[in-house]
Amino acid sequence: MLKILYVSGYPLKGENSPSINERQFISALSKRKDIDVYYYIPNESRDIINNDSTFYYNFYEGRIRDVFKNYIDAKNWTNDIVNLFNNLGCDFIVIRVGVSVYKCYNLSCKLPKKIILKSVGKFWMDTSSDNLLSNSLVKIYNFIFCRMLRNALGVETVTKKYREKVIESGVASSRVFVIPNSVDSDLFYPDDEDTSSFIPQNAFPVIGYVGSDPHIRGGIQIIKMIHKLQFKYPKIFGVIVGKGDHREKLYSLASKLKVANRLYISSWIDFEKIPSIMRSLTIGIAFAEKWRIRLENCSMKIRQYISSGVPVIANKNSNDFLEEHNLGSLVKDDSNIKEIICRVEYWIKKSQESKKKFKKRMHQYAKKNLSSDVILNKRLEHWIKLYRM
């Protein structure tokens, strides 16, 4: 039986967006009876998982200039993991790289070809500043990250484009595989009786965005749509939730268009409240920045919408499976409100035809194709293959 040590470089709760991904991953791992899994996670996460197989460390996010403190923290963290790995007799480590890349790089040097790097996205930083020091630090960061990738037993990326970038950094193609983001389909499911208290009881349609940086990923469009559709749909309501420096900008636009009373706008909220918000939506919006689209944006929120029985409006050239499986629509230009409204109205009508059957179909698709349990099976196939190389 495989023995795996899972390490999270992030706290598993709070405003760090990867924490949701990792919590879903841990939930799927904990169900498996065919592998032994040990966990090394930050102290702040004790209420997420707490058993005899879990070990904790003090999460430290130091400033760049605190060189000595960072070095000591990295050294202690690495030594703890190496000791655990050896004492437990683990076969390999699965790690989500955290805010301190140096710590993970240091670990990869101590345990070469014993680490699988999980959910790698845009790992490189771009040099755009005229500041010589800043550019130098970016180059050092990129150098360290690429060395860490080459030290790893394997690297999983969230899209094919990211896989290409990892291979370009010098990693053998046989060691790099694509594992898309997933959804906990046992947590995100349709339920008309369990809806959010933030939303008026008779509101319809409810158009929403739930995720980080809503001011650049759909919040602006939701406000403009509600402004244009409020007379056609007198009970229309918008939900915009997610961390980011955006509330003033969104409130300002909503006030200017006189639709603030038709909106619930919030910054980050606790993860436990998100499923009921998702269930309350008629349509979910999930736009992305152009650079994400070029790299085949693999949005977790899209998977959460679908599993909750909510059709999605997203960008073209990204998440094409939405139209292929009749789960949503893709727009060419997410600044074209007229085009977005056209797609939204189609799904307002479509979602009300055999409503329960419609939601059930979407949830079943997520359960069979996008769930954390299904994706973990694919992961394990790759892990075993790498371990036997």
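Conventions we followed
Residues numbered from 1 in each chain as written. Predicted model: local features only at pLDDT ≥ 70, side-chain atom pairs only at ≥ 80, totals over all residues. Heavy atoms only, no water. Patch = residues over 30% accessible without salt bridge, like charges linked within 9 Å, V, L, I, M, F, W, Y side chains within 5 Å. Areas by Shrake-Rupley, 256 points an atom, 1.4 Å probe, with all protein chains shown as cover. Salt bridge = Lys/Arg side-chain N within 4 Å of Asp/Glu carboxyl O. Helix = DSSP H or I, 4+ residues; strand = E, 2+ residues; numbered from the N terminus. Buried < 20%, exposed > 50% of the residue type's maximum accessible area, 1.4 Å probe, protein only. Core = buried A, V, L, I, M, F, W, Y, C linked by side-chain atoms within 4.5 Å. Contact = heavy atoms within 4.5 Å. Pairing = 2+ DSSP bridges. Axes fitted to C-alpha atoms, helices over the stretch in contact; angles between N-to-C directions.

**What to know about a nonpolar patch on the surface**
Nonpolar side chains collect at one region of the surface, where F68, Y71, I72 and Y102 lie side by side and expose about 410 Å² of accessible area between them. The element best represented in the nonpolar patch is helix α2 (residues 67–88), accounting for three residues. Of note, I72 is situated in helix α2.

**What about the pattern of salt bridges?**
Opposite charge on two side chains lets them pair, provided their charged atoms get close. If you walk through the whole model with that rule in mind, you get 14 salt bridges. Across the salt bridge formed by E156 and R379, the nearest N and O atoms sit 2.6 Å from each other. Remark: R379 occurs in helix α14 (residues 372–387) and E156 occurs in strand β6 (residues 154–157); sequence separation between them is 223 residues. Both residues of the pair, E156 and R379, count as buried. Measuring nitrogen to oxygen at the nearest pair gives 3.5 Å for the salt bridge that ties E339 to R343. Remark: R343 and E339 occur in helix α12 (residues 337–352); sequence separation between them is four residues, near one turn of the helix. In the salt-bridge network here, residues are joined through shared partners; they are K31, D186, K367 and D373.

**Some points on the nonpolar core**
Core analysis: the largest hydrophobic core is formed by 62 residues, its most contacted members being I222, I223, M225, L263, I306, I313 and L322. Filtering out sequence-adjacent residues up to four positions away, I313 remains in contact with I283, G284, I285, A286, F287, S329, V331, I340, R343, V344 and W347. Within the second largest apolar cluster, 40 residues are counted, among which are Y57, C90, V101 and L111.

**Focus on the sheet that holds strand β4 (residues 92–96)**
Sheets are built from strands that pair by backbone hydrogen bonding, the pairs being arranged parallel or antiparallel. With parallel pairing, the seven strands of this open sheet are ordered in space as β3-β2-β1-β4-β5-β6-β7. Each edge of the open sheet carries a strand with a single partner, namely β3 (54–57) and β7 (176–178). When strand polarity is set aside, the average angle formed by the axes of neighbouring strands in this sheet is 20 degrees. In the sheet, strand β5 (residues 115–120) pairs with β6 via three bridges, with the strands oriented parallel. Residue V120 lies in a different strand from β6, and its bridge partner there is T157. Contacts from α2 reach β1 (2–8), β2 (35–42), β3 and β4 within the one sheet, and its direction differs from that of β1 by about 165 degrees. Along the sheet, α14 makes contact with β1, β2, β4, β5, β6 and β7, crossing β5 at roughly 150 degrees.

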